[in-house]
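Take a look at the letters that make up each chain.
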Amino acid sequence: MRYNLYGLYDTEGILRFTCNDKEACIAYAKLFELSTIEFSLMPLSEINEEETN
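Residues numbered from 1 in each chain as written. Predicted model: local features only at pLDDT ≥ 70, side-chain atom pairs only at ≥ 80, totals over all residues. Heavy atoms only, no water.

### Observations concerning the nonpolar core
The line we're drawing: To define a nonpolar core, start from buried Ala, Val, Leu, Ile, Met, Phe, Trp, Tyr and Cys residues and group those joined through side-chain atoms within 4.5 Å. Exposure is judged per residue with a 1.4 Å probe applied to protein chains only, and the accessible area is read against the type maximum: over 50% gives exposed, under 20% gives buried, and values in between give partly exposed. Note on conventions: DSSP H or I runs of at least 4 residues are helices, E runs of at least 2 residues are strands, and numbering of each starts at the N terminus. Residue contacts follow a heavy-atom distance rule, with two residues in contact if any of their heavy atoms lie within 4.5 Å.
Grouped together as the largest cluster of nonpolar side chains are eight residues: Tyr6, Leu8, Cys19, Cys25, Tyr28, Ala29, Leu34 and Phe39. Looking at this core, the elements with two or more residues in it are strand S1 (2–10) and helix H1 (22–31). A total of three residues in this core trace back to one element, the largest contributor, which is H1. For leucine 34, the contacting residues outside a window of four places in its chain are Leu8, Arg16, Ala29 and Phe39.

### Focus on H1
Stated precisely, the cut-off is as follows: Read the arc as the range of directions from the helix axis to the C-beta atoms. Contacts described as polar in this section are N or O atom pairs within 3.5 Å, which, within protein, must combine one atom able to donate a hydrogen with one able to accept it, while residues neighboring in sequence count only if both atoms come from side chains.
All of the buried residues along H1 are Cys25, Tyr28 and Ala29. Down the axis of H1, the smallest arc covering the buried residues is 100°, so these residues share one side. Pointing more than 90 degrees away from the buried face of H1 are the exposed residues Glu23, Lys30 and Leu31. At the N-terminal end of H1, a side-chain oxygen is found 3.1 Å from the backbone nitrogen of glutamate 23, two or three residues along, and the residue is aspartate 21. At the exit of H1 stands glutamate 33, carrying a positive phi of roughly 55°.

### Quick notes on the side chain of aspartate 10
Its place among the elements puts aspartate 10 in strand S1. Here the side chain of aspartate 10 touches glutamate 12 through a polar contact of 3.0 Å, landing on its backbone nitrogen. In this view, aspartate 10 contacts Arg16, Glu38 and Phe39; residues no more than four positions away in its chain are not counted.

### Quick look at the environment of tyrosine 3
Along the chain, tyrosine 3 falls in strand S1. For tyrosine 3, a relative accessible area of 26% translates into the label partly exposed.

Right, here's the structure in full:
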């Protein structure tokens, strides 16, 4: 199984949150009341689950 890892960065370029669910990253931003101009969502890598075992 393959899945993507996303990172949510603030405007200063600091990684604030990582998750394999893009919607969860957006929910994190909403939880901390970050507007869309205060964060960016970037794909970090594609992970192959078989490689992690």
